[in-house]
Structure formats: C-alpha cells, structure tokens
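# Coordinates in review
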Amino acid sequence: MRQITHFIAGKPLVHGDRTGEVFDPNTGAVQASVQFGTARSVDHAVAAARKAFPEWSATNPQRRARVMFAFKALVEREMDALALMLSQEHGKVIADSKGDIQRGLDVIEFACGVPHLLKGEYTEGAGPGIDVYSMRQPLGVCAGITPFNFPAMIPMWMFGVAIACGNTFVLKPSEKDPTVPVRLAELMMEAGAPAGVLNVVQGDKDVVDAILTHPDIRAVSFVGSSDIAQYVYATGTAHGKRVQAMGGAKNHGIVLPDADFDQVVKDLVGSAFGSAGERCMALPVAVAVGKGTAEQLIERLEPEMARMKVGVSTDPDAAYGPVVTDVHRKKIESYIQMGVDEGATLRVDGRGFKLQGYEQGFFIGPTLFDHVKPAMKSYQEEIFGPVLQIMRTDSFEEAVALPTNHQYGNGVAIFTRNGRAAREFASQVQVGMVGINVPIPVPVAYHTFGGWKRSAFGDVNQHGPEGVRFYTKIKTITARWPEGGGEESSFVIPTMK
Ligand code: NAD
C-alpha cells in the first residue's frame, strides 16, 4: 500500500510509530497509509526550519518573490495531476479541486508582491536631526494546521504569505487527505526554496500539541472546527505564540421577496450542495422573508435538485461527489434524523443514496428541509454536508437577527434588488464576510478572509494585508546623527517642542 510520509529538510521522512488510513471516498476502500508523527517528528521539522531561517530571512524580498513566481508556474504545470490527487482523497469533483488549487494560487500571486508589501514607513525630520522609520521583519519558524476540506488552498493561504515574508514553515495537514500538501512542498523546493523552508509533518492531535507547545515556533495559523480552533488558540497563546484560529460556520442566505428567484435558486443549489456542502463558506440556510417567498423558492428548488447529478469525483457531469469519510457521512445522516425529530419538514431526503457500481462510496443525496426553527439543534450546529435548511421570517429585521444571533459568524449573503436594504444589511449583520447577491463571498486574495464570533479566534485574518501583519513584526527605529558634544543629559522624557 502507498505510504504517505512527512517531508522534512527537503526530503521525505518516515518517522513515528502510528499510521492512519486514507480512504478513496468514491469506493470506500483504504487507498494509502499516512504516517502519524510524534513530538520528535515536530522537533526534526522545527530544527530544519530554524536552520533554514537565517539565510531565507536574509534573502532579499525580490528573490523570495521569484521563488513564489516559479512555484506558481510549477503548480499550474501540475494542475491536472494535483486536481486528480486531491479529488481521489477528498471526493470533490475535479473542476472543484482545480478551484481549490486556483484559490490557493491566488494567494501565491498576492505573495509575489511581497517586496511592496514589506515596505516600511519613514518620517524625515521627526525632531531636530531625527528620522523615524519602521520595518516589518519575519517572526522565525511558523506553523500551520489545516482542515480536510481545502487541502491545497488553505495550506497555500498560510505558507504562501509566511514564506514570502521571510519565515520558515512547518505544515500539519489534515490526516484525511495528506498527499497534495506534500506535493506542494516538493514543488516549493523545485521552485528554489532551500531545504527546510517548508516542512510537512503528518499526524493528529499529538503533532498539533507538539506544535502548540514547541518553544521555537513563533506563530500558529489554524483552520478547522470551532472547538478545536478554540483549544488551539488557548493553548498556543498560553505558550506565548501568536495564533489565528479559524473555526466552523453556518452561513445564511437571506432571500427578500424582490430577489431574482431564478438566479437565487441556482446560487443556493450551487453553494449549498457544491463540494457536498463541505465548505466553511457553503450556504446551508436559506431565510425566506415575507409571505409566499418560501413557497416560490421550494417550487423552483425541488426540480433543480432532482436534476442535479451526484457522481464519482472524476465524472465531469457530477455536481458533487462523495463526502470525505464514512464517519462523516453517518454524522450528516444523524443530523438529518435530528431535523426530523425536532419537527422540521423533510422535503427531500438524501439518506441511503447509493451510486450504482460504487455502493461502498461515501455518498449522500441532496437534502432539503423546510420550517426550520432557531431553537433546533440541527440549525444551531454545523452539519457540513449537502443539506439545505429553509427558515421563514415575516420581516427583514427578524431575518437579520438570525445570522446575527447565531454562534457562528463566518459568511452571510443577501439576495435582493433593493440597494438600500442590502446596504443596511451589510452594515448591521454580525458576520465577518458578507455577500450581496453573491452566495459564496470568499474575499479575493488581496483582501482578507476571516469570520466573527465562534468562526474565528484571534484578531488577525488570513491572507491579504492582514496575513502580512500576522507573519511579521514591526520594528520602529528613531535615529539621530549628532554633530557631537553639544547636548546636555536630559532626565525627562523626550518631547517634541
Ligand atoms: P477538524 O477541526 O477536525 O481538523 C482540523 C485540524 O485539526 C486537522 O489538521 C486535524 O488533524 C486537527 N485536529 C483534529 N482533532 C484535533 C484535536 N482533538 N486536537 C488537536 N488537533 C486536532 O476540522 P476538519 O473536519 O478537518 O475540517 C472541517 C471544519 O473546518 C469545519 O468545521 C469547517 O467549517 C472548518 N473550516 C473553517 C474554515 C474557516 O476559514 N473558518 C475554512 C475551512 C474549514
């Protein structure tokens, strides 16, 4: 069976006494075994990253940017192979895997501008003969811990910005789809990053804990579910690290009665069921505002859902493929049962879906609930599957209150032709990323990504200017060049007269 190893100091490394199974979600079969590292494996990776740091941080930013340019070209060269590799472990369809990789490359393109992004500020003559300037310097060894659902994009969000800024990096990918991150690390070496600049340690909680407590790791970026994000934030900061920890989500799409319903239904279907709903920016809740809105939506949604093809991830006609594991499939099905038990109306039931020839695959059909209520646990929690829940409100105010009061605050969307309502919504709603007639408002790479409330712990977002702030520290220099001998000692705090 294929073995997936760590990648440390520029080469594969077998280390650790445990392994995990990597499934092919299409067939349900175990396709590979992944090494689970230990605290010692993390030590090896951190030692390699520490060794590489002095030279890499002293490499001028333009040369570091050239490595990022070369990396981008190599990933583009390998796009088809990487997308296939990604789909075979994650289960998302090939076109969606290419989107996963491309969204990561967008951040690499942003990181190519690092010479400009690292420019500091300068004040000439802040006092008599005194100039003040600031510079952004890298932190040292940084680490990233990533979820299964974007095995290319999220690692690139993190290491792209960190490495361009002059840091060296230890990546701990999801144990469910660990192959693509290793390939990305190999391509970084091929692009010209010296050995040790990007290391990958495979594993589970043991590796995460070793990262969070390691004295030589300066910053940790995490993306995953909220309870673990909170734990990572609390443990990492308690050990003196800078931490950003993105968590789970439950994004609402607010549909006002004046919306373009044909378009909204297409947007809802794509964003609720694309990638089998395994996206933190999926839209699993549609809030129908006003009389008759829910009926109009359902009337159009049901035939659209019936037309949708669920298939293997290499099927070009499939809207989405299997979910990542059988454990996750069962969890989604238990949430569907919970919705039924709580009294929501199950309009379309995707449980028990079998794809002919792939009966052991981890498939679930698209599922639709109506009359979902705020008190239901199946609404309050993240399902992370192909399940769309419709809620009904009489007023705009009630609709805005739903995402505002929800424990998660990652993304939200409003569908309307009324600019004034959209503007008020964007201003009022307590959510980090807002779409106006845009169902998946993932910000472009040169803006920043991050939710509110239990969707993100820490103050600094991913990528864009905030990413650069996260992976650098500011130094401010106040300089004077006195002519010599003419000034007395001063015992009071210097002030500008
Ligand atoms: P997860 O929380 O199970 O795993 C994330 C990472 O944490 C993995 O690398 C995993 O190995 C590690 N981990 C798992 N259990 C751990 C433990 N007990 N202690 C320490 N580390 C542990 O998440 P997942 O299932 O891989 O990904 C799906 C989740 O990620 C969803 O909740 C989704 O909303 C969220 N997500 C959030 C964003 C965002 O930007 N807010 C983006 C993508 C995914």
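### Comments concerning the overall build of the chain
For the chain, the helix and strand inventory stands at 16 helices and 23 strands. When its C-alpha atoms are laid out on the principal axes, the chain stretches across 85 × 60 × 40 Å. Evaluated residue by residue, the chain yields a buried proportion of 57% over its 497 residues. Pairs at least 24 residues apart make up 73% of the contacts formed inside the chain by residues separated by at least 6 positions. Positive and negative side-chain charges of the chain, numbering 49 and 54 respectively, have mean locations separated by a distance of 4 Å.

### Focus: the domain arrangement of the chain
Along its sequence, the chain is carved into domain 1 (2-247 + 455-477) and domain 2 (252-436). Each of domain 1 and domain 2 has a C-alpha centre, and the two are 31 Å apart. The interface is formed by 21 residues belonging to domain 1 together with 24 residues belonging to domain 2. The largest per-residue losses of area from domain 1 upon contact with domain 2 belong to Asn26, Val93 and Ser455, which jointly make up 29% of the total buried on that side. Across the contact surface, domain 1 and domain 2 share one salt bridge. Across the pair Arg279 and Asp96 runs a salt bridge whose closest N-O atoms are separated by 2.9 Å. Viewed at the interface, domain 2 and domain 1 are joined by eight residue pairs in polar contact (both at pLDDT 80 or more). Counting residues per element, the ones that place at least two in the side of domain 1 that touches domain 2 are strand 4 (18-24), helix 3 (79-90) and helix 4 (94-111). Top contributing element to the side of domain 1 that touches domain 2 by residue count: helix 3, with four residues. Classifying every residue of the side of domain 1 that touches domain 2 gives seven nonpolar, nine polar and five charged.

### Comments concerning the site of the ligand
In the vicinity of the ligand there are 28 residues, among which Lys172, Glu175, Ser225, Gly247 and Glu382 approach most closely. Between Lys172 and the ligand, the recorded distance is 2.6 Å, taken from a side-chain N or O atom to an oxygen atom. In isolation the ligand exposes 850 Å². Once the protein is present, 88% of that is buried. With respect to the detected pockets, the ligand is housed in the largest pocket. For the shell around the ligand, the secondary-structure elements that each account for two or more residues are helix 8 (205-213) and strand 11 (217-223). The residue makeup of the shell around the ligand, split by class, is 14 nonpolar, nine polar and five charged. Inspection of the shell around the ligand shows a minimum of three residues originating in each of domain 1 (2-247 + 455-477) and domain 2 (252-436).

### Remarks on the packing of helix 8 against helix 9 (residues 226-238)
Put simply, helix 8 and helix 9 touch, their axes get as near as 9 Å, and they point 35° apart. In contact with Lys205, Val208, Asp209 and Leu212 of helix 8, helix 9 contributes Tyr231, Val232, Thr235 and Gly236. Of the residues that constitute the contact of helix 8 with helix 9, the class distribution is four nonpolar, two polar and two charged.

### A look at helix 4
Taking 1.5 Å per residue as the helical rise, helix 4 with its 18 residues ought to reach 26 Å, and the 26 Å between its terminal C-alpha atoms agrees with that figure. Within the sequence span of helix 4, burial applies to Asp96, Ser97, Asp100, Ile101, Gly104, Leu105, Val107, Ile108, Phe110 and Ala111. Along its buried surface, helix 4 packs onto helix 2 (61-77), helix 3, helix 5 (114-117), helix 6 (153-164) and helix 16 (464-470).

### Brief notes about the packing of aromatic side chains
Applying the stated rule across the entire model yields eight aromatic pairs. On the basis of an interplanar angle of 10° and a centroid distance of 5.6 Å, the ring pair of Tyr122 and Tyr133 is categorised as stacked. Highlighted residues: Tyr122 in strand 6 (residues 121-127) and Tyr133 in strand 7 (residues 130-138), separated in sequence by eleven residues. Judged by relative accessible area, which is 53%, Tyr122 ranks as exposed. Ring centres 5.9 Å apart and planes at 85° place the aromatic pair Phe148 and Phe384 in the edge-to-face group.

### Re unusual backbone geometry
Residue His371 is not a glycine yet carries a positive backbone phi of 55°. Positioned with a positive phi, Asn437 is a non-glycine residue whose angle comes to about 55°.

### Concerning the layout of surface pockets
Taken as a whole, the largest pocket spans an internal volume of roughly 930 Å³. For the lining of the largest pocket, the elements supplying multiple residues, two or more each, are helix 8, strand 11, helix 9 and helix 12 (326-341). When grouped by side-chain class, the residues that make up the lining of the largest pocket number 15 nonpolar, eleven polar and eleven charged. Summarising the domain contributions, the lining of the largest pocket has at least three residues from each of domain 1 (2-247 + 455-477) and domain 2 (252-436).

Cut-offs used in this document
Note that residues are indexed from 1 along each chain, following the sequence as it is written. The predicted origin of the model limits local features to residues at a pLDDT of at least 70 and limits the giving and counting of side-chain atom pairs to 80 or more, whereas totals for whole chains, interfaces and linings rest on all residues. As a convention, hydrogens and water are excluded, and side-chain values are obtained from all of the structure's heavy atoms. Starting at the N terminus, helices and strands are each numbered in turn, a helix being any DSSP run of H or I of at least four residues and a strand any DSSP run of E of at least two. Under the scheme applied here, a residue whose accessible area is under 20% of the maximum for its type counts as buried, over 50% as exposed, and between as partly exposed, the area being computed with a 1.4 Å probe on protein chains only. Contacts are residue-level and defined by heavy atoms, with any inter-residue pair within 4.5 Å sufficient. A positive count includes Lys and Arg, and a negative count includes Asp and Glu. His and the chain ends are not counted in either. Where a charge lies is defined by one atom per residue type: Lys uses NZ, Arg uses CZ, Asp uses CG and Glu uses CD. The source of the domain bounds is an automatic or database domain assignment. The term buried area means the drop in 1.4 Å probe accessible area that two parts suffer when joined, counted for both and summed. The rule for a salt bridge is simple: a side-chain nitrogen of Lys or Arg has to be within 4 Å of a carboxyl oxygen of Asp or Glu. In protein, a polar contact requires one atom able to donate a hydrogen and another able to accept it; more generally it is a pair of N or O atoms within 3.5 Å, and residues adjacent in sequence count only if both atoms are side-chain atoms. Note on residue categories: nonpolar means Ala, Val, Leu, Ile, Met, Phe, Trp, Tyr, Cys or Pro, charged means Asp, Glu, Lys or Arg, and polar means any other residue, Gly included. Think of it this way: one heavy atom of a residue within 4 Å of a molecule or strand is enough to make that residue near it. Surface exposure here means Shrake-Rupley accessible area, sampled with a 1.4 Å probe, where a residue is shielded only by the protein chains that are shown. A 1.4 Å probe that fits into a set of points on a 1 Å grid over the protein atoms alone but cannot get out defines a cavity; an open set with protein on both sides within 12 Å along at least five of seven lines defines a pocket, and lining residues are those with an atom within 4 Å of a point. A molecule is said to be in a cavity or pocket once over half of its atoms fall within 2 Å of that pocket's grid points. Each axis is a line fitted through C-alpha atoms, and for a helix only the stretch in contact is used; angles between axes span 0 to 180 degrees, taken between their N-to-C directions. The span one expects for a helix is its residue count, reduced by one, times 1.5 Å. Only Phe, Tyr and Trp rings take part, Trp by its six-membered ring, and two of them pair if their centres are within 6.5 Å. Stacked means planes under 30 degrees apart, edge-to-face means over 60, and tilted covers everything else. Grid points are joined across faces, edges and corners, and a volume is the space filled by probe spheres set on the points.

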